[in-house]
Amino acid sequence: MSLKYAVLAALLEGEASGYELSKLFDVSLANFWPATPQQLYRELERLAGDGLVEARIVQQERRPNKRMFTLTEAGRTQLRAFAAEPPRRPTAVRDELLIKIQAMDDGDPGVPRALIEERLGWARGKLDRYRRVRERLLAGRSEDEYLSTTDRVGPYLTLMAGIGFEEENERWCLRALTVLEQRVA
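Keep in mind it's a predicted model, so treat the numbers as computed, not measured.

Cut-off values and rules
Residues numbered from 1 in each chain as written. Predicted model: local features only at pLDDT ≥ 70, side-chain atom pairs only at ≥ 80, totals over all residues. Heavy atoms only, no water. Pairing = 2+ DSSP bridges. Helix = DSSP H or I, 4+ residues; strand = E, 2+ residues; numbered from the N terminus. Salt bridge = Lys/Arg side-chain N within 4 Å of Asp/Glu carboxyl O. Buried < 20%, exposed > 50% of the residue type's maximum accessible area, 1.4 Å probe, protein only. Lys, Arg positive; Asp, Glu negative; His and termini not counted. Contact = heavy atoms within 4.5 Å. Patch = residues over 30% accessible without salt bridge, like charges linked within 9 Å, V, L, I, M, F, W, Y side chains within 5 Å. Areas by Shrake-Rupley, 256 points an atom, 1.4 Å probe, with all protein chains shown as cover. Axes fitted to C-alpha atoms, helices over the stretch in contact; angles between N-to-C directions. Parallel < 35°, antiparallel > 145°, perpendicular 65-115°, else oblique. Left-handed = near helix turned anticlockwise from the far one by under 90°. Nonpolar A, V, L, I, M, F, W, Y, C, P; charged D, E, K, R; others polar. Expected span 1.5 Å × (residues − 1). Arc of directions from axis to C-beta.

Asks: Help me out: how do you make sense of the pairing of strand β3 (residues 66-71) in this one?
Replies: For a regular strand, the rule is simple: side chains alternate between the two faces of the sheet. With 2 bridges joining them, strand β1 (residues 16-17) and β3 adopt antiparallel strand pairing. Across the sheet, residue Ser-17 finds its bridge partner in β3, namely Met-68. Pairing of strand β2 (residues 53-58) with β3 involves 6 bridges; the strand directions are antiparallel. Considered in β3, the bridge of Glu-54 is made with Thr-70.

Asks: Can you help me understand the pattern of salt bridges in this one?
Replies: One side chain can pair with another of opposite charge once the charged atoms of both are near each other. Taken as a whole and judged by the stated rule, the model has 16 salt bridges. Between Arg-152 and Glu-13 there is a salt bridge, with its nearest N and O atoms 2.1 Å apart. A residue pair is termed long-range when its members are at least 10 positions apart, and Arg-152 in the loop between α7 (143-149) and α8 (154-184) and Glu-13 in the loop between α1 (3-10) and β1 qualify at 139 residues. Judged by relative accessible area, which is 28%, Arg-152 ranks as partly exposed. Look at Glu-13 and you get partly exposed, because its relative accessible area is 48%. The salt bridge partner of Glu-20 is Lys-66, with a shortest N-O separation of 3.9 Å. One end of the pair, Glu-20, is in helix α2 (residues 18-29); the other, Lys-66, is in strand β3, with 46 residues separating them in the sequence. Classification of Glu-20 by relative accessible area gives partly exposed; the value is 34%. Residues joined by salt bridges that share partners form a network here, namely Arg-113, Glu-117 and Glu-181.

Asks: For this particular structure, what's the right way to read the side chain of Lys-4?
Replies: Mapped onto the secondary structure, Lys-4 falls in helix α1. Nearest to the buried, unbridged Lys-4 among oppositely charged side chains is Asp-50, at 5.4 Å. With sequence-adjacent residues up to four places away left out, Lys-4 is seen in contact with Glu-43, Leu-47, Leu-52 and Gln-78.

Asks: Just to check I follow, could you spell out a nonpolar patch on the surface for this structure?
Replies: Side chains of Leu-147, Val-153 and Leu-157 sit close together on the surface and give an oily, nonpolar patch of about 230 Å² of accessible area. Within the element layout of this structure, Leu-147 appears in helix α7. What makes Leu-147 partly exposed here is its relative accessible area of 30%.

Asks: For this particular structure, what's the right way to read the packing of α2 against helix α3 (residues 37-49)?
Replies: If you want to describe how two helices pack, look at the angle between their axes and the distance between the axes. With their axes 10 Å apart at the nearest point, α2 and α3 run at an angle of 125 degrees to one another. When the axis of α2 is compared with that of α3, the two are oblique. Relative to α3, α2 is oriented so that their crossing is right-handed. When α2 is examined against α3, the residues Gly-18, Tyr-19, Leu-21, Ser-22 and Phe-25 are found in contact with a partner set consisting of Pro-37, Leu-40, Tyr-41 and Leu-44. For the contact of α2 with α3, the per-class residue count stands at 7 nonpolar, 2 polar and no charged.

Asks: Would you explain α2 in this entry?
Replies: Spacing of three or four residues puts side chains on the same side of an α-helix, whose turn is 3.6 residues. A rise of 1.5 Å per residue sets the reference length of α2, with its 12 residues, at 16 Å; its end C-alpha atoms lie only 15 Å apart and thus fall more than 12% short of the reference. Turning to α2, its buried residues are Gly-18, Leu-21, Ser-22, Phe-25 and Leu-29. The buried residues of α2 occupy one face: seen down the axis, they fall within an arc of 105 degrees. Against the buried residues of α2 lie α1, β1, α3 and β3.

Okay, here's the thing in structure tokens:
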């Protein structure tokens, strides 16, 4: 899959500047499709050139003008076609930390411990952020109330996948740290 479809899906939320889209990626899409701001800006230009998004200039005082992007009907059509296709291949884990852990038995046991503790901190930080987003979406409603009244359920479902992913990261880190502790003892 290309970044193209992630950008088109993000624009389902409504008109956004490149900067706003970058922030949206940080909060909702980065857990499964990360992109740098530079990648997003390049992709927006390509999508505009292909007629899949429209850009309009917003005049601003004391700041540079900004471009606001919206999904075109052609973009929606292409996104619907993409969403209807089955994934080309199953998800594969590509994780540099796991390669390092695989090779850890030949070195200082403190090194993998530090790497795992760092991962644990990242997982907990992302979990906190995702849970705050969830609370903001629910706005005091139960999950059932929210899901029965929201226009779009996709962002909530992907947020729940991100929460589950980071909970599993946290669980694995804690288990791995326990194993390392037991081996040193």
